[in-house]
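# Report on the structure
Listed below, chain by chain, are the residues.
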Amino acid sequence: MSSPSPSSSSNIMLAIYEKKTTAIDLYRPLRNYIAFNYSEREAQNLDDDLETLKSMRNSIERSSAVDSLTSRRDLFQSYFKTLTVIESRFPISNSDDDVTSVTSVTFTWHDAFKHKQKASQQSIHLEKVAVLFNLGAVYSQLGLGFDRMTVEGRRQASHAFIAAAGAFAFLRENESVKASVGSSTTVDVSVECVGMLERLMLAQAQECVFENSIAKGSSNGVCSKIARQVGLYYEEALAALNVAPLAQHFDKAWLSHVQLKAALFYAEACYRYSLELHEKEEIGEEIARLKSGIGALTDAKKSSPKGAAQQILDAVNKLETDLKNNLDRAMKENDRVYLMRVPPASALQPLPAFAMVKPLNMSEVLDASKEKMFASLVPDSSAKALSRYTEMVDDIIRTQAEKLQQGSELARVSLKEMDLPGSILALEGHSVLPTALWEDVEAVQVSGGPAGLESELQQLRDLSRVNHELLVQTEELIQKEAAEDAQFRSQFGTRWTRPQSNTLTKNLQDRLNRFAANLKQAADSDAKIERSVRENMSLMSILDRRPIESALPTLSKPIMSLDANEDAIVGTLKQSLRQLETLGAQRAGLEDMLKDMKRKDDILPKLMTSAGSYEDLFRKEIAKYDHICEEISQNLQAQEQLLLHIQAQNSEFAATFNVEDYRAACEKCYKQIEAAIAKYREIKDNINEGLKFYVTLQDAITSVKQQCSDFVMTRSIQCRDMIEDVQKQMSGLSFRDGKNSSAYNYSSTGPPQRPSSQSEPPTNQPRPQTPYYHQPPPPAYSQQHPSPPASAQQHPSPSAYAPQHPTPPAYAQQHPTRPVATSEYSQQPAYSRPQPPPPYYNGSPSPYPLQQGQQPPPAGGYEYGQPAYPGWQGSYYNAQVQGQQGQQPGSFPRPPYTVPSPYPPNQSGYYNKQ
């Protein structure tokens, strides 16, 4: 434990008073500058900022006694940040010819130690150095104001003195020289003076630490080192006070104070060090250190000027007494007991020192980059500098990103060449297909695979059967109607005057014949498809393996091994691959880090507040990317070395497990799978083509069947009417109704003739009649295309042949009702469902009106109107023809098979005639 320090009773320290200034108006000149160089609106928008600046300057001009020390400290800090913002936006100059500068502002400040001396400049640097000086002065006054009789008070005082030293250090390093260039300044803001004040504040801060160390009972060795550093700080300040320009600038009391403090703490260090030497029984050096301390105090009292505080003198005298007492005791002990040689003062090593304080870094405290005042004013120079810096950053980001991508690509290519990690996975039973081949196999399996071809072939068979049935049903309709017509023609002879059926159905019969030929050719194609499926099923069956990887060959351990180190080889290779994967993940993280740094890198505020060269700022800001660039370089170097190791390990792995034969087997399997996929796709395309063909042909046959049904219905109605007429003629009945006579005037050369007003006797001669059925001109397609369209022969469009929603024929809408005939042929046919008129129907009313009480044909009765294949649920059968619902009754619907097919002719020769 150390004894109380004699110097602790000195406890006398120095504080600095603020510099004084004269009043100045910053509002009007700066506002004029904004209005002239930017706009009046901008000046109005920044009026609040100008008022704030004016208020801060007025507060600084007031006496410091009005405000508290903490409020003055905050005021100086805020005002300095504002000055930094102004410096980059308002060039204050003394050149009257420069219209881009603020020329009507002159700053005046008095010396803090010689109040009669003052300096005036049209430069903002004088204002900044004065504010920084006053900030350091306020911090020194705060330190002096704490209760330094307590541990906490000394700690707070030490922090205040450290901050004061930081303010003076910042002033010395950044602003002092700028203010003195080309203009005169006061001595108090010179580099020499602010450097001396920085040392003085550090000495007082270290002194507070020393006093706390004594109070806490620190060891003599520690206290000696701290005390020696206090003495060194005071010695540095004393050296500056003794030379120009400070030699005659300060009061003698300052010089005496600093000189005595320097000697006092040197002697204190000797005293504490001698106590430690005494404990070690190094009496000779102890005596020399005590003599050195006494000599320093004696010289200081003789040479120091008058005016020192009495407390310091008392501390010097008390410490000197303690040193002499210890010296007498040590000399007696040495003479009686130790008999050690006392070394001369010149042979002593310098006392060890330890600095416990350093100036506070004021760069963060005075950083103006986050200030919002005048933020909307961005000079061109700052904008250009920002653009240049952005280009520098982009170049770094681009270069490093390219390096990262090249590293990842190198790793990928190298692993692919070595077939890694595929070989490892194959050894573990997890073989994998190449990505492109695996996707092709998956597409085949999703579509049903080779196992699903049989169901699609069955669809072909079903569709073929449905088309055959429809064709047979349609031919039966025509044949039945022709047989009935031949029967009545044979029964009634020449009285049966309507045209024969075969002369009216020639076009329909020709179409049906062509459909039959198409079906025969399609059957041959279907047989080829089925034969191809049977012949290639063994090849394609590999595609039904699930998972497909189970079809691949496996990599196994060798049957015989000499050293049984296969597991070690595999384990080493796996570990290297994991390390390579880790390096890849690190590269991804580094790339994200680069992008994030660039996104957050906004130096515009720093550019606007920078007082130095832009190049210096650029170098400082760009340096923050150095560490990540170094990490990227290290990552790529590590990967390069690792790939070399992996290559060597893979060579050993390949030789041990015979990987070459495994690769050859895999290539053979890949080719087999590719061949199976190609054949499957070929068969699948042929089946799809066949399905489209059958669906399209079914629509065409259905359309022709509907026309045949309409024809048969019309002929049936004519047949009933003609039978009644012939029966009446044979019974000798006479029809005298003018309307009926007109209706049954079958002149083929002119309009009906009205009978004479005189009654004529009935005659047995039959009246000449026009045919019951007027054959219309052939449809348009029969004139332009002698044969059915290619779409009807090959692959008509499904949409073109979609089931239609016909309108009732004209004869079902226009004829009044009439009594039901008693003939056996007067029964309403089952297929008398209202249908659109056939192409050969001209839409005129029937010459035979319905009898009273006769009903129109019932809807939905005939069997041929039902869906051709109700059991078929395929999507090919339910296509609707858009636009057909809007067809007007009585119009001629275009035959569905004359619609151009969406599939070009000869799209595939699979179903074409050979």
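Preceding this section is the structure that the text describes.
Criteria and thresholds
Residues numbered from 1 in each chain as written. Predicted model: local features only at pLDDT ≥ 70, side-chain atom pairs only at ≥ 80, totals over all residues. Heavy atoms only, no water. Helix = DSSP H or I, 4+ residues; strand = E, 2+ residues; numbered from the N terminus. Buried < 20%, exposed > 50% of the residue type's maximum accessible area, 1.4 Å probe, protein only. Areas by Shrake-Rupley, 256 points an atom, 1.4 Å probe, with all protein chains shown as cover. Phe/Tyr/Trp six-rings, centres within 6.5 Å; stacked < 30°, edge-to-face > 60°. Axes fitted to C-alpha atoms, helices over the stretch in contact; angles between N-to-C directions. Parallel < 35°, antiparallel > 145°, perpendicular 65-115°, else oblique. Left-handed = near helix turned anticlockwise from the far one by under 90°. Contact = heavy atoms within 4.5 Å. Nonpolar A, V, L, I, M, F, W, Y, C, P; charged D, E, K, R; others polar. Core = buried A, V, L, I, M, F, W, Y, C linked by side-chain atoms within 4.5 Å. Expected span 1.5 Å × (residues − 1). Bend = angle between axes of the 7 residues up to and from the residue. Polar contact = N/O pair within 3.5 Å; in protein donor to acceptor, adjacent residues only side chain to side chain. Salt bridge = Lys/Arg side-chain N within 4 Å of Asp/Glu carboxyl O.

## Overview of the overall build of the protein chain
Looking only at helices and strands, one finds 27 helices and two strands in the protein chain. Expressed as a percentage of the 914 residues in the protein chain, the buried residues total 46%. Here the protein chain has roughly 45600 Å² of accessible surface; of this, 51% comes from carbon and sulfur atoms.

## Examining the packing of aromatic side chains
Summed over all chains, the structure comprises 15 aromatic pairs. Between Phe113 and Phe133, the ring centres sit 6.2 Å apart and the planes meet at 85°, which makes this aromatic pair edge-to-face. With Phe113 in the loop between strand 1 (107-110) and strand 2 (118-121) and Phe133 in helix 5 (residues 124-145), this pair connects stretches of sequence that are 20 residues apart. Overall, the relative accessible area of 0% leaves Phe133 in the buried class. Between the aromatic rings of Phe113 and Phe250, the centroid separation amounts to 4.3 Å while the plane-to-plane angle is 50°, which identifies the pairing as tilted. Linking Phe113 in the loop between strand 1 and strand 2 with Phe250 in the loop between helix 8 (220-241) and helix 9 (252-279), this pair joins segments that are 137 residues apart in sequence.

## What to know about the packing of helix 3 (residues 47-61) against helix 4 (residues 69-89)
For the pair helix 3 and helix 4, interaxial distance at closest approach is 10 Å and the crossing angle is 135°. With respect to their mutual orientation, helix 3 and helix 4 come out oblique. Every pair of crossing elements has a handedness; the one defined by helix 3 and helix 4 is left-handed. Facing helix 3, whose interface residues are Leu53, Met56, Arg57, Ser59 and Ile60, helix 4 presents Arg72, Leu75, Phe76, Ser78, Tyr79, Thr82 and Ile86. A class-by-class count of the residues in the contact of helix 3 with helix 4 yields seven nonpolar, three polar and two charged.

## What to know about the nonpolar core
Soluble globular proteins: nonpolar side chains tend toward being buried together. Ile16, Phe90, Phe113, Phe133, Leu197 and Phe374 are the most contacted members of the largest nonpolar core, which totals 119 residues. The element contributing the most residues to this core is helix 9, with 15 residues. Beyond its immediate stretch of four places on either side in the chain, Phe90 contacts Leu30, Tyr33, Ile34, Val102, Phe374 and Leu377. Listed in part, the 69 residues of the second largest apolar core include Met540, Leu552, Leu573 and Cys708.

## Quick notes on the environment of Asn32
Checked against the element boundaries, Asn32 lands in helix 1 (residues 27-37). Along the backbone, Asn32 and Val102 are 70 residues apart, and their C-alpha atoms lie at a distance of 8.8 Å.

## Looking at unusual backbone geometry
Omega for the bond connecting Ala244 with Pro245 falls within 30 degrees of zero, at 5°, which places this linkage in the cis form. Among the structural elements, Pro245 can be located in the loop between helix 8 and helix 9. Each neighbour pair has its own omega, and for Arg546 with Pro547 the value is -5°, a cis peptide bond. For Pro547, the location among the structural elements is in the loop between helix 18 (506-540) and helix 19 (566-600). At Leu339, a position not held by glycine, the phi torsion is positive, near 55°. Classification of Leu339 as exposed rests on a relative accessible area of 63%. One non-glycine residue, Asp419, lies in positive phi territory at about 55°. Turning to its location among the elements, Asp419 is positioned in the loop between helix 13 (380-417) and helix 14 (422-427).

## A look at helix 6 (residues 151-180)
Its 30 residues place the ends of helix 6 42 Å apart at the C-alpha level, agreeing with the 44 Å of an ideal helix rising 1.5 Å per residue. Where helix 6 bends most, at Arg172, the angle is about 50°. For helix 6, the N-terminal capping position is held by Thr150, with its side-chain oxygen 3.0 Å away from the main-chain nitrogen of Gly153.

## Description of helix 22 (residues 626-657)
Helix length check: helix 22 (32 residues) gives 46 Å between terminal C-alpha atoms against 46 Å at 1.5 Å per residue, within 8%. Directly after helix 22, the chain includes Asn658, whose backbone phi takes a positive value near 55°.

## Thoughts on the environment of Thr503
Along the chain, Thr503 turns up in helix 17 (residues 501-504). You can call Thr503 partly exposed: its relative accessible area is 44%. Within the structure, the side chain of Thr503 is placed 2.6 Å from the backbone oxygen of Gln500, a separation counted as a polar contact.

## A short note on the pattern of salt bridges
Using the criterion set out here, one finds 49 salt bridges in the structure. Linking Asp322 and Lys318 is a salt bridge whose minimum nitrogen-to-oxygen distance equals 3.7 Å. Of this pair, Asp322 and Lys318 both sit in helix 11 (residues 310-338), four residues apart, which is roughly one turn of that helix. When salt bridges that share partners are traced, they join Arg172, Glu173, Glu198, Arg199 and Glu236 into one network.

Function cannot be inferred from these measures alone, as they are strictly geometric.
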